Amino acid sequence: MQDELNAPPAKLHIDGVSKSFTSKRGKVLALESATLTVDEGEFVCLVGPSGCGKSTLLNLVAGLEAPDTGSVMMDGKRVTGPGSERMVMFQEHALFPWLDVLGNVMFGLKLKPGLNDKERAEVAHYYLKLVGLERVMRASIHELSGGMRQRVALARALAPNPRVLLMDEPFAALDAMTREQLYADIQRINEARQRTVLFVTHNVREAVCLGNRVILFSPNPGRIREQFVVDLPRPRDINDPALAGLAGEITRALKGHTRVQSAE
Amino acid sequence: MKRFFIALTFFASLILIWHLLVKTGIWSPVLLPGPGAVGEYMGVALQDGSLLSASWVTIKRLLAGYLIGCLIGLPLGLMTARSQTLNDTLGVLALGLQTLPSVCWVPLALIWFGQTESAMLFVVIMGTLWSVLISVDNGVRNLPPIYTRAALTMGSSGFHTLRHVILPASMPYVISGMKQGWAFAWRSLMAAEIYVTLLTGYGLGHLLHFGRELNAMDQVAAVMIVIVVIGLLADKVLFSPWERFLHRRWGLNG
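Residues numbered from 1 in each chain as written. Chains lettered and ligands numbered in written order. Predicted model: local features only at pLDDT ≥ 70, side-chain atom pairs only at ≥ 80, totals over all residues.

1. Points about the overall build of chain A
Threshold: In this text, helices come from DSSP runs of H or I with a minimum length of four residues, and strands from runs of E with a minimum of two, each type numbered from the N-terminal end. Every radius of gyration here is taken over C-alpha atoms, with the globule rule written as 2.2 Å times N^0.38, N being the number of residues. Partly exposed residues are those whose C-beta has more than 12 but fewer than 20 other C-beta atoms within 10 Å; 20 or more makes a residue buried and 12 or fewer makes it exposed, with C-beta atoms placed from the backbone. Each residue is represented by a C-beta atom placed from its backbone, and any two residues with such atoms within 7 Å are regarded as in contact.
The helix and strand tally for chain A stands at 8 helices and 10 strands. Taken over the C-alpha trace, chain A has a radius of gyration of 18 Å; the compact-globule value for 264 residues is 18 Å, and the two agree within 12%. By its C-alpha atoms, chain A is 60 × 40 × 35 Å across when sized along the principal axes. Buried residues in chain A amount to 42% of all 264 residues. Taking contacts inside chain A between residues at least 6 apart in sequence as the whole, the part at least 24 apart equals 72%.

Spelled out as structure tokens, the structure:
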């Protein structure tokens, strides 16, 4: 149980990764030679307008897609497919409606060898408590609010103790109040159970609030343009003026890249 | 409890209206027997065992054919949903045959199997199979891809994904398809029983048919009522628990 809760976070190394998709209008280069290193336990936010390849990069790290060129390495091992050491939290919650809240959190745990059912239940309870949903563990998914669903999705992603957590705009569909609450929760939880996190968003303030580092993408083709280190003390409040100042600076940089792109 | 009494009052009033209509004497009692006469027939037929044995024969045929139809239709539906080639071939065939009223299988079944239980079984299977196949296919096809992607990232793959994600996720479709399959099977069996006399066992359809031949309207009405009651019970016993589950989990109106 202790070991299960304390596996160390992982180091990610993304090297010269390109990925294109074939659509009706022909071949689209979604991501062009992206190189990025993420340190153990680092919280890195990927920011950019839609079509800039940030979600593609996340899917490549998840192993849901394979890169055309380049490689994704986790702790020196090449990523060749999905694996429970890299959990994904999707924009839509992707919870299973046929299972209750506890059943959803247990799904990934049941696929983890080396645990007995009692230990699995303990782990599930621990994470449901961490996201503050222990009292609704027997509820059906459709009975929960949007924010509660994303909390369950977070508990489900954290429970099998992944070494990397991949979050794909997990709060985009939520209202502002709920989002602010979740920013606080994410920071608190990451303090308690530090993971290596890749967090995709198009919301610059959200990125500055959560990330140790913010990586800026530009579209057509998707490229990594610039990065910003966020050195603000934690826990951060999204309404903090210093945070807003940095977010403004990043937004200006983002606009610059997008304008250069559209002038070409 | 309140709902039960409302339903009870409704059916009691229905019988009362029926009784009063017969009492007026507008129709000959040969054409429209009263609830008393029908009840009397039912009592006699229950006592001599003919009604129960006929019901049992019919239910056995129905369950056997239905189960086989579901067992064949479920995997075939999974396969047509996953393979474009199978969908273009078997899928189109299934869609075509599903539109064929299942009573149309009866002449073919008689030529192939003669007046045997196999003919009955065949008709019921044909009534069930195609609609189950098509709804499973639909269910799996309309599955949000995010479910299988999420399952993949949690370490699920292959048969585990099929068993623990694809099948439960398509359950709303599968249940409604099985329900439709049940309705088709029930209708086709009744048609077959009215149409074909089998020496190996008289079902409710036969009883209905004999009622007509003897001009025994009380028997015809009583057997029809039994058929309706069996249909209702099947719905409540076989499908209501599943629909309640769907309603609770998905929040759907089952």
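2. Considering the overall build of chain B
When helices and strands are counted, chain B shows 11 helices and 0 strands. What you see in chain B, going N to C, is helices and strands ordered as α-α-α-α-α-α-α-α-α-α-α. For chain B, the C-alpha atoms occupy an extent of roughly 70 × 50 × 30 Å along the three principal directions. Classification of the 254 residues of chain B by burial places 35% in the buried group. Once local pairs closer than 6 in sequence are excluded, the contacts in chain B between residues at least 24 apart make up 73%.

3. Some remarks on the interface of chain A and chain B
This is how the line gets drawn: Each residue gets one label: Ala, Val, Leu, Ile, Met, Phe, Trp, Tyr, Cys and Pro are nonpolar, Asp, Glu, Lys and Arg are charged, and the others, such as Gly, are polar.
Across the boundary between the two partners, chain A contributes 19 residues, which contact 16 residues of chain B. Counting only elements with at least two residues in the side of chain A that touches chain B, the list comes to strand 6 (86–89) and helix 3 (101–110) of chain A. Looking at the side of chain A that touches chain B residue by residue, the classes come out as 13 nonpolar, 5 polar and 1 charged.

4. What to know about the packing of helix 3 (residues 50–82) of chain B against helix 10 (residues 204–213) of chain B
All names here are of chain B. Rules: An axis is simply a line fitted to the C-alpha atoms; with a helix, the fit covers only the stretch in contact. Between two such axes, the angle follows the N-to-C directions and lies from 0 to 180 degrees. Geometric relationships in this document are graded by angle, where less than 35 degrees denotes roughly parallel, more than 145 denotes roughly antiparallel, 65 to 115 denotes roughly perpendicular, and other angles denote oblique.
It is at 7 Å that the axes of helix 3 and helix 10 come closest, and there the two elements cross at 130 degrees. As far as their axial angle goes, helix 10 and helix 3 are oblique. Here A54, S55 and T58 of helix 3 lie close against helix 10, whose contacting residues are L204, G205, H206 and L207.

5. A closer look at helix 5 (residues 146–158) of chain A
All names here are of chain A. So the rule is basically this: By definition here, a helix of n residues has an expected span of 1.5 Å times n minus one.
Taking 1.5 Å per residue, 13 residues should reach 18 Å; helix 5 reaches 18 Å between its end C-alpha atoms and fits that length. Among the 13 residues in helix 5, 10 count as buried, and that is most of the element. Those residues of helix 5 lying buried are R149, Q150, R151, V152, A153, L154, A155, R156, A157 and L158. Taken together, the buried residues of helix 5 touch strand 6, helix 3, helix 4 (117–130), strand 7 (164–168) and helix 6 (176–192).

6. Focus on the sheet that holds strand 3 (residues 43–47) of chain A
Residue and element names in this part refer to chain A. Quick note on the threshold: In this description, strands pair whenever DSSP reports at least two bridges between them.
Read across the sheet, 6 strands follow the order 6-7-8-3-9-10 without closing on themselves; strand pairing throughout is mixed. The sheet is open, and its two edges are formed by strand 6 and strand 10 (223–229), each paired on a single side. Shown here is a sheet whose adjacent strand axes are inclined to one another by a mean of 20 degrees, direction ignored. Across 5 bridges, the pairing between strand 3 and strand 8 (residues 196–201) is parallel.

7. Notes on the domain arrangement of chain A
Residues and elements named next belong to chain A. Filter applied, for reference: For the domains described, the bounds stem from an automatic or database domain assignment.
Considered domain by domain, chain A is made up of domain 1 (2–85 + 164–263) and domain 2 (96–161). For domain 1 versus domain 2, the separation of C-alpha centres amounts to 24 Å. Listed per partner, the contact involves 16 residues of domain 1 and 14 residues of domain 2. Residue assignment for the side of domain 1 that touches domain 2 shows that the elements contributing at least two residues are helix 1 (2–5) and helix 6. Among the elements that take part in the side of domain 1 that touches domain 2, helix 6 stands out by supplying 6 residues, more than any other.

8. So, the sheet that holds strand 1 (residues 12–23) of chain A
Residues and elements named next belong to chain A. The strand order across the open sheet built from 4 strands is 2-1-4-5, with neighbouring strands paired in antiparallel fashion. Taken across any chain shown, the strands that pair with only one partner, and hence form the sheet edges, are strand 2 (26–38) and strand 5 (77–78). Of the pairings in the sheet, the one linking strand 1 to strand 2 comprises 9 bridges and is antiparallel in character. Within strand 2, the residue paired with F21 across the bridge is V28. Here helix 2 (residues 54–62) sits on the sheet in contact with strand 1, strand 2 and strand 4 (69–74), set at roughly 115 degrees to strand 1.

9. Some details on the confidence of the model for chain A
Filter applied, for reference: A residue's pLDDT is simply how confident the predictor is in it, with values from 0 to 100.
Averaged over every residue, the pLDDT of chain A is 89; residues scoring 70 or more account for 95%. Per-element averaging of pLDDT across chain A places helix 1 of chain A at the bottom with 47 and strand 3 of chain A at the top with 95.

10. Regarding the confidence of the model for chain B
Residue and element names in this part refer to chain B. Overall, the prediction assigns chain B a mean pLDDT of 90, with 99% of residues at 70 or greater. Put simply, helix 9 (residues 171–195) is where chain B has its lowest mean pLDDT, 89, and helix 1 (residues 2–23) is where it has its highest, 94. Both confidence scores are given for the complex: pTM 0.83, ipTM 0.84.

11. Some remarks on the environment of V174(B)
Residue and element names in this part refer to chain B. Structurally, the position occupied by V174 is in helix 9. The spatial distance from the C-alpha of V174 to the C-alpha of D137 is 8.7 Å, given a sequence separation of 37 residues. Not counting chain neighbours up to four residues away, the residues in contact with V174 comprise S135, V136 and G139.

12. Some details on unusual backbone geometry
Trans peptide bonds make up most of the peptide bonds, and negative phi angles are found at most residues other than glycine. Residue N220(A) is joined to P221(A) through a cis peptide bond whose omega torsion reads -10 degrees. With respect to the helices and strands, P221(A) occurs in the loop between strand 9 (213–218) and strand 10. Positive phi outside glycine occurs at N161(A), with the angle close to 60 degrees. The class for N161(A) is buried, based on 20 C-beta atoms found within 10 Å. Here N215(B), not a glycine, exhibits a phi torsion of approximately 55 degrees, which is positive.

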